[in-house]
Amino acid sequence: SLVGSEMCIRDSYKGELLFDDVINDLLSIYKYFNKNKAHIIGLSMGGQIACLFYEKHPDKVKSMVLCDTHFGLGNLEKDEIDKFINSREAKCKKK
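Residues numbered from 1 in each chain as written. Predicted model: local features only at pLDDT ≥ 70, side-chain atom pairs only at ≥ 80, totals over all residues. Heavy atoms only, no water.

### Considerations on helix H2 (residues 45-56)
Then, number 1: Between its terminal C-alpha atoms H2 stretches 17 Å, which fits the 16 Å expected from twelve residues at 1.5 Å a residue.
Then, number 2: The complete set of buried residues in H2 reads Met45, Gly47, Gln48, Ile49, Ala50, Cys51 and Phe53.
Then, number 3: Along its buried surface, H2 packs onto helix H1 (19-32), strand S1 (38-43) and strand S2 (61-67). (Helix = DSSP H or I, 4+ residues; strand = E, 2+ residues; numbered from the N terminus. Expected span 1.5 Å × (residues − 1). Buried < 20%, exposed > 50% of the residue type's maximum accessible area, 1.4 Å probe, protein only. Contact = heavy atoms within 4.5 Å.)

Okay, structure coming up:
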């Protein structure tokens, strides 16, 4: 399901969070509203998801707006990635 901000999206999933699952959720929204194309807006991690969606389904995107996003953590070491994820999860638990 497409929910959450500041990586709280993990709270609604059981098991590993896969972007392909989120992309399939987005396709379900298109089907539900019987739409072939839509304007996509991605904030933070949603920007990454929007770009991945566009890579797989460019014919479904009228336009995209990306805000406060980046394209992955590939330039960080594993311990830096773990530190980042843990800090985001700590923020979610405080809510």
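From this point on, the discussion continues.
### Things to note about a nonpolar patch on the surface
Then, number 1: A cluster of nonpolar side chains, namely Ile29, Tyr32 and Phe33, defines an oily patch on the protein surface of about 380 Å² accessible area.
Then, number 2: As for its position among the elements, Tyr32 is in helix H1.
Then, number 3: Exposure remark for Tyr32: the relative accessible area of 67% places this residue in the exposed category. (Patch = residues over 30% accessible without salt bridge, like charges linked within 9 Å, V, L, I, M, F, W, Y side chains within 5 Å. Areas by Shrake-Rupley, 256 points an atom, 1.4 Å probe, with all protein chains shown as cover. Salt bridge = Lys/Arg side-chain N within 4 Å of Asp/Glu carboxyl O.)

### What to know about the pairing of S2
Then, number 1: Sheet topology note: the S1/S2 ladder contains six bridges and is parallel. For Gly42, the partnering residue across the bridge sits in S2 and is Leu66.
Then, number 2: This β-α-β element, S1 to H2 to S2, shows right-handed connectivity. (Pairing = 2+ DSSP bridges. Right-handed = clockwise from strand over helix to strand, strands pointing away.)

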